[in-house]
Amino acid sequence: MAKALTVLVVDDEPPIRRFLRTSGLELIGEIRPTSAVPILVLSARHDERSKVEALDLGADDYISKPFGMAELMARLRAALRHAFQAQGELAVFVSGDLAVDLVRRHVTRGGHEVKLSPKEFDLLRHLVMHAGKVLTHRHLLREVWGPAQADEVQYLRVFIRGLRHKLEPDPTRPTHILTELGVGYRLQLPPEQRVG
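All of these numbers come straight from a predicted model, not from anything done at the bench.

1. A word on the overall build of the chain
No. 1: The helix and strand tally for the chain stands at 7 helices and 9 strands.
No. 2: The long-range share in the chain, meaning contacts at least 24 apart out of those at least 6 apart in sequence, stands at 44%.
No. 3: Surface exposure of the chain reaches about 11,800 Å², of which carbon and sulfur atoms provide 56%.

2. Description of the sheet that holds strand E6 (residues 112-114)
No. 1: The 4 strands lie next to each other as E3-E4-E5-E6, forming an open sheet whose pairing is antiparallel. The sheet is open, and its two borders are formed by strand E3 (92-95) and E6, each paired with just one other strand. Across the sheet, the mean angle from the axis of one strand to that of its neighbour is 20 degrees, orientation sign disregarded.
No. 2: Summarising the sheet, strand E5 (residues 106-109) and E6 pair through 3 bridges and their orientation is antiparallel. Across the sheet, the residue bridging to Arg109 is His112, located in E6.
No. 3: Sheet contacts for helix H5 (residues 118-129): E3, strand E4 (98-101) and E5; angle to E4, the most-contacted strand, approximately 100 degrees.
No. 4: Lying over the sheet, helix H7 (residues 153-167) contacts E4, E5 and E6, oriented at roughly 55 degrees with respect to E5.

3. Quick look at H5
No. 1: Given a rise of 1.5 Å per residue, 12 residues ought to cover 16 Å, and the 16 Å separating the end C-alpha atoms of H5 matches this to within 8%.
No. 2: Most of H5 is tucked away, with 9 of its 12 residues classed as buried.
No. 3: Burial in H5 covers these residues: Glu120, Phe121, Asp122, Leu123, Leu124, Arg125, His126, Leu127 and Val128.

4. Looking at the side chain of Asp61
No. 1: For Asp61, the location among the structural elements is in strand E2 (residues 61-64).
No. 2: What makes Asp61 buried here is its relative accessible area of 18%.
No. 3: Apart from residues lying up to four places away in sequence, Asp61 is in contact with Ile39, Leu40, Val41, Leu55 and Arg75.

5. Details of unusual backbone geometry
No. 1: Residue Pro66 follows Lys65 across a cis peptide bond; omega there is -5 degrees.
No. 2: Residue Arg105 is not a glycine yet carries a positive backbone phi of 55 degrees.
No. 3: Examined against the element boundaries, Arg105 turns out to sit in the loop between E4 and E5.
No. 4: Judged by its relative accessible area of 42%, Arg105 falls in the partly exposed class.

6. Digging into the pattern of salt bridges
No. 1: This model, assessed by the stated rule, comprises 11 salt bridges.
No. 2: A salt bridge links Asp101 to Arg104, with the shortest nitrogen-to-oxygen separation between them at 3.3 Å.
No. 3: Using a relative accessible area of 49% as the deciding quantity, one classes Arg104 as partly exposed.
No. 4: The partner of Glu180 in a salt bridge is Arg186, and the shortest N-O contact between them spans 2.9 Å.
No. 5: Here the salt bridges share partners, and the residues they tie into one network are Asp61, Glu71 and Arg75.

7. Describing the sheet that holds strand E9 (residues 184-187)
No. 1: Taken together, 3 strands build an open sheet; the order of strands is E7-E9-E8 and the sheet is antiparallel. The sheet is open, and its two edges are formed by strand E7 (135-136) and strand E8 (177-180), each paired on a single side.
No. 2: Pairing of E8 with E9, which is carried by 4 bridges, proceeds in the antiparallel orientation. Residue Leu178 lies in a different strand from E9, and its bridge partner there is Arg186.
No. 3: Sitting on the sheet, H5 touches E7, E8 and E9, and the angle it makes with E9 is about 70 degrees.
No. 4: Against the sheet, H7 engages E8 and E9, with an angle of about 145 degrees to E8.

The rules behind the values
- Residues numbered from 1 in each chain as written.
- Predicted model: local features only at pLDDT ≥ 70, side-chain atom pairs only at ≥ 80, totals over all residues.
- Heavy atoms only, no water.
- Helix = DSSP H or I, 4+ residues; strand = E, 2+ residues; numbered from the N terminus.
- Contact = heavy atoms within 4.5 Å.
- Areas by Shrake-Rupley, 256 points an atom, 1.4 Å probe, with all protein chains shown as cover.
- Pairing = 2+ DSSP bridges.
- Axes fitted to C-alpha atoms, helices over the stretch in contact; angles between N-to-C directions.
- Expected span 1.5 Å × (residues − 1).
- Buried < 20%, exposed > 50% of the residue type's maximum accessible area, 1.4 Å probe, protein only.
- Salt bridge = Lys/Arg side-chain N within 4 Å of Asp/Glu carboxyl O.

Here's what the structure looks like:
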């Protein structure tokens, strides 16, 4: 399946903590040495010592309860942007009139929002994350639909056609999603990133 963005939620309230084997600070200490996954601490504790301890152990942010959903989502988007940047990946891919924001799952063409189905976005995200590289039919099918669909090339053709109708100025002469005959597809890099 496609590399999904994973969010781990750890809560410090007793009813929820019952289901956890280890407390939040211990978990941060176990995760951070081996993973760069973004860690946001949501806690009812307001004291500076608790915040500093969590941040020093490796948390990326600390949000005190109560908090608004808009603030939580904004902090989550910021943590994901930082994670993309730390991996050397851009959170927003831009090529000509096409812009794909991988964190917000937001796509625009010519400044206008483009509505994509979840599967269309997953396919586009995979192409963006490998922009400039030829991805085989089998690879895309396995990563986006799963191993059971790895031979269903028609699925892929239907979704590529749909993406082209939504993203290309002229879907019959694509400039973004290119076909590599008999092999697969390639998302064209922006002109300034192309070699040769």
